[in-house]
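Structural description and commentary
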Amino acid sequence: MQTIHIKINGKDWTGPVEDGETLVDMIRYRLGLTGTKRGCEVGECGACTVLIDGVPNASCMWLAALADGKSITTIEGLTNEDGTLSPIQQAFIDAGAVQCGFCTPGMILSAYALLKRNPHPTREEIKVALSGNMCRCATYEQVMEAVERASDLLAAAVVEKE
(Lines give C-alpha, C1' and ligand atoms only; values in the text may rest on other atoms or scores of the structure.)
Protein backbone atom coordinates (compact mmCIF):
# COMPACT_ATOMS: atom_id res chain seq x y z
CA MET A 1 0.00 0.00 0.00
CA GLN A 2 1.25 3.48 -0.82
CA THR A 3 -0.21 6.97 -0.66
CA ILE A 4 -0.47 9.05 -3.82
CA HIS A 5 -1.41 12.66 -4.53
CA ILE A 6 -3.29 13.51 -7.71
CA LYS A 7 -5.52 16.22 -9.08
CA ILE A 8 -8.72 14.54 -10.27
CA ASN A 9 -11.17 16.66 -12.26
CA GLY A 10 -9.54 19.78 -10.86
CA LYS A 11 -9.66 18.69 -7.20
CA ASP A 12 -6.75 17.52 -5.08
CA TRP A 13 -6.96 13.94 -3.80
CA THR A 14 -4.60 12.08 -1.54
CA GLY A 15 -5.19 8.47 -0.71
CA PRO A 16 -3.93 4.92 -0.56
CA VAL A 17 -3.51 2.60 -3.52
CA GLU A 18 -2.73 -1.11 -3.46
CA ASP A 19 0.38 -2.54 -5.07
CA GLY A 20 -0.62 -3.51 -8.60
CA GLU A 21 -3.89 -1.55 -8.53
CA THR A 22 -4.73 -0.10 -11.93
CA LEU A 23 -5.74 3.48 -12.45
CA VAL A 24 -9.14 2.44 -13.86
CA ASP A 25 -9.88 0.47 -10.69
CA MET A 26 -8.75 3.33 -8.46
CA ILE A 27 -10.95 5.79 -10.36
CA ARG A 28 -14.01 3.53 -10.34
CA TYR A 29 -13.81 1.86 -6.96
CA ARG A 30 -11.86 4.23 -4.70
CA LEU A 31 -13.17 7.49 -6.14
CA GLY A 32 -16.59 6.29 -7.32
CA LEU A 33 -16.23 7.88 -10.77
CA THR A 34 -17.96 5.18 -12.79
CA GLY A 35 -18.00 7.01 -16.12
CA THR A 36 -14.58 5.46 -16.74
CA LYS A 37 -15.37 1.95 -18.00
CA ARG A 38 -13.47 -1.32 -17.70
CA GLY A 39 -13.43 -2.85 -21.16
CA CYS A 40 -10.77 -5.05 -22.70
CA GLU A 41 -8.23 -4.44 -19.91
CA VAL A 42 -5.36 -4.54 -22.45
CA GLY A 43 -5.46 -0.95 -23.73
CA GLU A 44 -7.18 -1.69 -27.04
CA CYS A 45 -10.82 -0.57 -26.73
CA GLY A 46 -10.60 2.94 -25.26
CA ALA A 47 -13.49 2.49 -22.82
CA CYS A 48 -11.20 3.35 -19.90
CA THR A 49 -9.74 6.46 -21.55
CA VAL A 50 -8.94 9.34 -19.21
CA LEU A 51 -6.82 12.42 -19.73
CA ILE A 52 -3.53 12.32 -17.86
CA ASP A 53 -1.94 15.75 -17.92
CA GLY A 54 -4.25 16.51 -20.85
CA VAL A 55 -3.32 13.48 -22.96
CA PRO A 56 -5.72 10.56 -23.62
CA ASN A 57 -4.51 7.35 -21.96
CA ALA A 58 -5.91 3.88 -21.37
CA SER A 59 -6.26 3.86 -17.59
CA CYS A 60 -6.27 0.05 -17.55
CA MET A 61 -2.61 0.18 -18.62
CA TRP A 62 -1.51 2.53 -15.81
CA LEU A 63 -0.67 1.44 -12.31
CA ALA A 64 -2.42 3.85 -9.96
CA ALA A 65 0.86 4.48 -8.13
CA LEU A 66 2.37 5.89 -11.35
CA ALA A 67 -0.31 8.58 -11.44
CA ASP A 68 1.22 10.20 -8.36
CA GLY A 69 1.60 13.94 -9.03
CA LYS A 70 -0.49 13.82 -12.23
CA SER A 71 -3.62 15.69 -13.23
CA ILE A 72 -6.40 13.33 -14.33
CA THR A 73 -9.64 14.22 -16.07
CA THR A 74 -12.53 11.77 -16.32
CA ILE A 75 -15.82 12.27 -18.14
CA GLU A 76 -17.30 13.62 -14.90
CA GLY A 77 -14.73 16.42 -15.05
CA LEU A 78 -16.15 17.81 -18.30
CA THR A 79 -19.59 18.55 -16.87
CA ASN A 80 -20.17 22.21 -15.99
CA GLU A 81 -20.23 23.23 -12.33
CA ASP A 82 -24.01 23.74 -12.48
CA GLY A 83 -24.45 20.14 -13.63
CA THR A 84 -25.16 20.95 -17.27
CA LEU A 85 -23.30 19.17 -20.00
CA SER A 86 -20.28 20.64 -21.72
CA PRO A 87 -20.69 21.54 -25.42
CA ILE A 88 -18.87 18.38 -26.48
CA GLN A 89 -21.08 16.15 -24.33
CA GLN A 90 -24.18 17.85 -25.69
CA ALA A 91 -22.89 17.52 -29.26
CA PHE A 92 -22.59 13.75 -28.81
CA ILE A 93 -26.21 13.57 -27.65
CA ASP A 94 -27.45 15.86 -30.42
CA ALA A 95 -25.65 13.84 -33.11
CA GLY A 96 -26.97 10.51 -31.79
CA ALA A 97 -23.43 9.35 -31.02
CA VAL A 98 -24.21 7.79 -27.65
CA GLN A 99 -26.13 4.57 -28.43
CA CYS A 100 -25.38 2.11 -25.57
CA GLY A 101 -23.02 4.63 -23.97
CA PHE A 102 -20.23 2.24 -23.04
CA CYS A 103 -17.60 3.80 -25.32
CA THR A 104 -18.96 7.33 -25.05
CA PRO A 105 -16.83 8.65 -22.14
CA GLY A 106 -13.60 7.55 -23.81
CA MET A 107 -14.70 8.93 -27.18
CA ILE A 108 -15.66 12.27 -25.66
CA LEU A 109 -12.39 12.60 -23.73
CA SER A 110 -10.35 11.76 -26.84
CA ALA A 111 -12.38 14.29 -28.85
CA TYR A 112 -11.98 16.89 -26.09
CA ALA A 113 -8.19 16.49 -26.14
CA LEU A 114 -8.21 16.83 -29.94
CA LEU A 115 -10.32 20.00 -29.87
CA LYS A 116 -8.11 21.54 -27.18
CA ARG A 117 -5.05 21.23 -29.41
CA ASN A 118 -6.85 21.67 -32.76
CA PRO A 119 -10.16 23.57 -32.58
CA HIS A 120 -11.01 22.92 -36.25
CA PRO A 121 -9.89 19.37 -37.14
CA THR A 122 -10.49 17.71 -40.48
CA ARG A 123 -12.39 14.42 -40.73
CA GLU A 124 -9.09 12.61 -41.11
CA GLU A 125 -7.66 14.27 -38.01
CA ILE A 126 -10.76 13.27 -36.06
CA LYS A 127 -10.41 9.66 -37.24
CA VAL A 128 -6.77 9.55 -36.16
CA ALA A 129 -7.50 11.13 -32.76
CA LEU A 130 -10.30 8.64 -32.05
CA SER A 131 -8.56 5.60 -33.51
CA GLY A 132 -7.90 4.20 -30.02
CA ASN A 133 -11.61 4.07 -29.22
CA MET A 134 -13.86 1.23 -30.36
CA CYS A 135 -17.65 1.41 -30.53
CA ARG A 136 -19.66 -1.81 -30.37
CA CYS A 137 -22.73 -0.04 -31.77
CA ALA A 138 -20.79 1.26 -34.81
CA THR A 139 -21.84 4.90 -34.43
CA TYR A 140 -18.65 6.13 -36.05
CA GLU A 141 -20.39 8.44 -38.52
CA GLN A 142 -22.40 10.01 -35.71
CA VAL A 143 -19.22 10.39 -33.64
CA MET A 144 -17.56 12.25 -36.53
CA GLU A 145 -20.60 14.52 -36.76
CA ALA A 146 -20.55 15.06 -32.98
CA VAL A 147 -16.92 16.18 -32.99
CA GLU A 148 -17.58 18.53 -35.92
CA ARG A 149 -20.64 19.88 -34.11
CA ALA A 150 -18.63 20.34 -30.90
CA SER A 151 -15.98 22.22 -32.87
CA ASP A 152 -18.66 24.61 -34.15
CA LEU A 153 -20.23 25.02 -30.69
CA LEU A 154 -16.89 25.77 -29.07
CA ALA A 155 -15.99 28.26 -31.82
CA ALA A 156 -19.36 29.99 -31.34
CA ALA A 157 -18.78 30.15 -27.57
CA VAL A 158 -15.42 31.85 -28.12
CA VAL A 159 -16.97 34.42 -30.46
CA GLU A 160 -19.79 35.01 -27.96
CA LYS A 161 -17.28 35.74 -25.16
CA GLU A 162 -15.50 38.34 -27.27
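Definitions and cut-offs
- Residues numbered from 1 in each chain as written.
- Predicted model: local features only at pLDDT ≥ 70, side-chain atom pairs only at ≥ 80, totals over all residues.
- Heavy atoms only, no water.
- Helix = DSSP H or I, 4+ residues; strand = E, 2+ residues; numbered from the N terminus.
- Rg over C-alpha atoms; globule rule 2.2 N^0.38 Å.
- Buried < 20%, exposed > 50% of the residue type's maximum accessible area, 1.4 Å probe, protein only.
- Contact = heavy atoms within 4.5 Å.
- Areas by Shrake-Rupley, 256 points an atom, 1.4 Å probe, with all protein chains shown as cover.
- Pairing = 2+ DSSP bridges.

A word on the overall build of the chain. Along its length, the chain carries five helices and five strands. Put simply, the chain runs from its N terminus to its C terminus through helices and strands in the order β-β-α-β-β-β-α-α-α-α. The C-alpha radius of gyration of the chain comes to 16 Å, within 12% of the 15 Å expected for a compact globule of 162 residues. In terms of principal-axis extent, the alpha carbons of the chain reach across some 45 × 35 × 25 Å. Buried positions account for 43% of the 162 residues belonging to the chain. Across the chain, every contact between residues at least 6 apart in sequence was considered, and the portion connecting residues at least 24 apart equals 54%. In the structure as shown, the chain presents an accessible area of about 8500 Å², 52% of it carried by carbon and sulfur atoms.

For the rest of this paragraph, the subject is the pairing of strand β1 (residues 2–8). As a general feature of sheets, a regular strand has side chains that alternate between the two faces. With seven bridges connecting them, β1 and strand β2 (residues 11–17) associate as antiparallel partners. Its bridge partner lying in β2, Ile4 is registered against Gly15. What sits between β1 and β2 in their antiparallel hairpin is a turn of two residues, with Asn9 showing a positive phi close to 55 degrees. In the sheet, β1 pairs with strand β5 (residues 71–73) via two bridges, with the strands oriented parallel.

For Asn9, which is not a glycine, the phi torsion comes out positive at approximately 55 degrees. As for its position among the elements, Asn9 is in the loop between β1 and β2. Classification of Asn9 as partly exposed rests on a relative accessible area of 23%. Positive phi outside glycine occurs at Gln99, with the angle close to 30 degrees. Of note, Gln99 is situated in the loop between α2 (87–94) and α3 (104–117).

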